[in-house]
Amino acid sequence: MRNRRKGYLHTSREIAKARAELTVASDRLGCHQDELWQLRREILDTLSKYLNPDLDVFEIRMDFVYELKRGVQDVKTIQIK
Amino acid sequence: MSEVIVVTSGKGGVGKTTSTANIGAGLARLGKKVVLVDTDIGLRNLDVVMGLENRIIYNLVDVIEGNCRVRQALIKDRHYPNLCLLPSAQTRDKSAVSPEQMIKLVDSLKAVFDYIILDCPAGIEQGFRNAIAPAGRAIVVTTPEVSAIRDADRIIGLLESNGIRKTDLIVNRIRMDMVRRGEMMSVEDVIDILAVNLLGAVPDEEGVVIASNHGEPVVGSDTLSGQAYLNIARRIDGETVPLLDLSASQGLWSRVASMFKKHQEARV
């Protein structure tokens, strides 16, 4: 499993945190974890056309409008660090 | 003005009931009038954790069905006279009560108590809906494990969509030795993922199990977990209390003491 900052995860703490982040994001967005990686790759590819992002510290955070019965309705903001 | 707080988690076994009992004891220690309501119909446990299981005559369902008055069902705590328990029914199921009936019941308690704390059952079904209906504030309990964090996140979403705007988090059963070794998520890791206000962190200590075995609160004992719960109670009551340094749990003396204990056990 890859880590954004260190390349690869070494401790079970790092693995647990990465798994928890991915699981929570996947649940919130209602999509498969592979789709999240795909989304990350596509955003990164698009940004790479105009900027030179540091892949080791690249981080995406999304705020969205969530409705209980219908899941994610809209993405409010995308923060990219 | 009384405050109605639901203690919830989604996942079972993370320490909701223990947290409820100790928060209640902590608030009572601060001189507040507190009632703890066990809303886990069919699987009650708060009475056992508080050591009051032999005193139950009437329960929450009896009150709602009009078999007794609310005052008759309340049981006074053995340690704090200003702390009461409204036990749940053990031989009924969650459908015996509706959210509207819970709101009416809690309304009848507001005139007497400063804090009404609802111990929520695990899951997100009828029992959860009953427990959150009267609440204006929620405390989500989690442990630093992926499964518990996932369920806590789902619960936080459900609370928000049900109109509960103030949600705080307790990270329970933290083991600083494991965090230091890189084998457990830290409190900061959990907060980073869930992005909610931290009410407190409680270390994983033998004292919590021993107190529960005796049917007594850990609050008031000379343990870090007891201090952590008391601090949580003070924060609920509006005080600004700095977070406890949990790494103090492995001081020189405690390490020597635990070594001695292990040596004794080995000899036995």
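Residues numbered from 1 in each chain as written. Chains lettered and ligands numbered in written order. Predicted model: local features only at pLDDT ≥ 70, side-chain atom pairs only at ≥ 80, totals over all residues.

## Re the overall build of chain A
Okay, step 1: The helix and strand inventory of chain A stands at two helices and four strands.
Okay, step 2: Evaluated residue by residue, chain A yields a buried proportion of 6% over its 81 residues. (Helix = DSSP H or I, 4+ residues; strand = E, 2+ residues; numbered from the N terminus. Buried ≥ 20, exposed ≤ 12 C-beta atoms within 10 Å, placed from the backbone.)

## Quick look at the overall build of chain B
Okay, step 1: In terms of regular secondary structure, chain B is built from 12 helices and eight strands.
Okay, step 2: With the principal axes as the frame, chain B shows a C-alpha extent of 55 × 40 × 35 Å.
Okay, step 3: When the 268 residues of chain B are sorted by exposure, 49% land in the buried category.
Okay, step 4: When contacts within chain B are restricted to residue pairs at least 6 apart in sequence, those whose partners lie at least 24 apart make up 75%. (Contact = placed C-beta atoms within 7 Å.)

## Here we look at the nonpolar core
Residues and elements named next belong to chain B.
Okay, step 1: Core analysis: the largest hydrophobic core is formed by 84 residues, its most contacted members being Ile5, Ile116, Ile117 and Leu118.
Okay, step 2: Per-element tally for this core: the top contributor is helix α11 (residues 224-236), with seven residues.
Okay, step 3: With residues up to four places along the chain from it excluded, the contact list for leucine 118 reads Ile5, Val6, Val7, Val37, Thr39, Ala131 and Ala135. (Core = buried A, V, L, I, M, F, W, Y, C linked by C-beta atoms within 7 Å.)

## Things to note about helix α10 (residues 206-214) of chain B
Residues and elements named next belong to chain B.
Okay, step 1: When we look at burial in α10, the residues that qualify are Val208, Ala211 and Ser212. Looking straight down α10, one finds its buried side chains confined to an arc of 100°; they lie on one side. Exposed side chains of α10 directed beyond 90 degrees from the buried face belong to Glu206, Val209, Asn213 and His214.
Okay, step 2: Contact partners of the buried residues in α10: α1 (16-29), α2 (46-49) and α11.
Okay, step 3: Following α10 by one or two positions, glycine 215 has its phi on the positive side, about 70°. (Arc of directions from axis to C-beta.)

## Topic: helix α7 (residues 146-161) of chain B
One turn of an α-helix holds 3.6 residues; hence residues three or four places apart share an orientation.
Okay, step 1: Across its 16 residues, α7 of chain B extends 23 Å between first and last C-alpha, which sits within 8% of the 22 Å expected from 1.5 Å per residue.
Okay, step 2: Within the span of α7 of chain B, buried status applies to Ala148, Ile149, Arg150, Asp151, Ala152, Asp153, Ile155, Ile156 and Leu159 of chain B.
Okay, step 3: In this structure, the buried side of α7 of chain B is in contact with α1 (12-29) of chain A together with β1 (3-8), α6 (126-132), β6 (137-142), β7 (166-174) and α9 (187-194) of chain B. (Expected span 1.5 Å × (residues − 1).)

## Some thoughts on the environment of serine 247 of chain B
Residues and elements named next belong to chain B.
Okay, step 1: Mapped onto the elements of the fold, serine 247 is located in the loop between α11 and α12 (252-267).
Okay, step 2: Given 13 C-beta atoms within a 10 Å radius, serine 247 is considered partly exposed.
Okay, step 3: In the structure, serine 247 is positioned 72 residues away from arginine 175 in sequence and 8.8 Å away in space, judged by C-alpha atoms.

## Focus on the interface of chain B and chain A
Okay, step 1: Taken together, the 15 residues of chain B in the interface contact 13 residues of chain A.
Okay, step 2: Contributing elements (two or more residues each) for the side of chain B that touches chain A: α7 and α9 of chain B.
Okay, step 3: By residue number, the principal contributor to the side of chain B that touches chain A is α7 of chain B, which donates eight residues.
Okay, step 4: Residues that form the side of chain B that touches chain A fall into these classes: seven nonpolar, three polar and five charged. (Nonpolar A, V, L, I, M, F, W, Y, C, P; charged D, E, K, R; others polar.)

## Comments concerning the packing of α7 of chain B against α9 of chain B
Residue and element names in this part refer to chain B.
Okay, step 1: Close contact between α7 and α9 brings their axes to 10 Å; oriented N to C, the two are set at 40°. The orientation of α7 relative to α9 falls into the category oblique. Taken as a pair, α7 and α9 cross one another with a handedness that is right-handed. Where α7 approaches α9, its residues Ile149, Ala152, Asp153 and Ile156 are matched on the opposing element by Val190, Ile193 and Leu194.
Okay, step 2: Per-class residue counts for the contact of α7 with α9 are six nonpolar, no polar and one charged. (Axes fitted to C-alpha atoms, helices over the stretch in contact; angles between N-to-C directions. Parallel < 35°, antiparallel > 145°, perpendicular 65-115°, else oblique. Left-handed = near helix turned anticlockwise from the far one by under 90°.)

## Some points on unusual backbone geometry
All names here are of chain B.
Okay, step 1: For arginine 173, which is not glycine, the phi dihedral falls at a positive 60°.
Okay, step 2: Structurally, arginine 173 can be placed in strand β7.
Okay, step 3: A positive phi angle is found at alanine 195, which is not glycine, with a value near 50°.
Okay, step 4: Locating alanine 195 in the fold gives a position in the loop between α9 and β8 (197-203).

## Focus on the pairing of β6 of chain B
Residues and elements named next belong to chain B.
Okay, step 1: Extensive coverage of β6 is indicated by the burial of five of its six residues.
Okay, step 2: As judged from the four bridges shared by β1 and β6, these two strands associate in the parallel manner. If you follow threonine 8 over to β6, its bridge partner there is valine 140.
Okay, step 3: The pairing of β6 with β7 spans six bridges and is parallel. Directly across from valine 140, in β7, lies its bridge partner leucine 169.
Okay, step 4: One crossover worth recording links β6 to the parallel β7 by way of α7, and it is right-handed. (Pairing = 2+ DSSP bridges. Right-handed = clockwise from strand over helix to strand, strands pointing away.)

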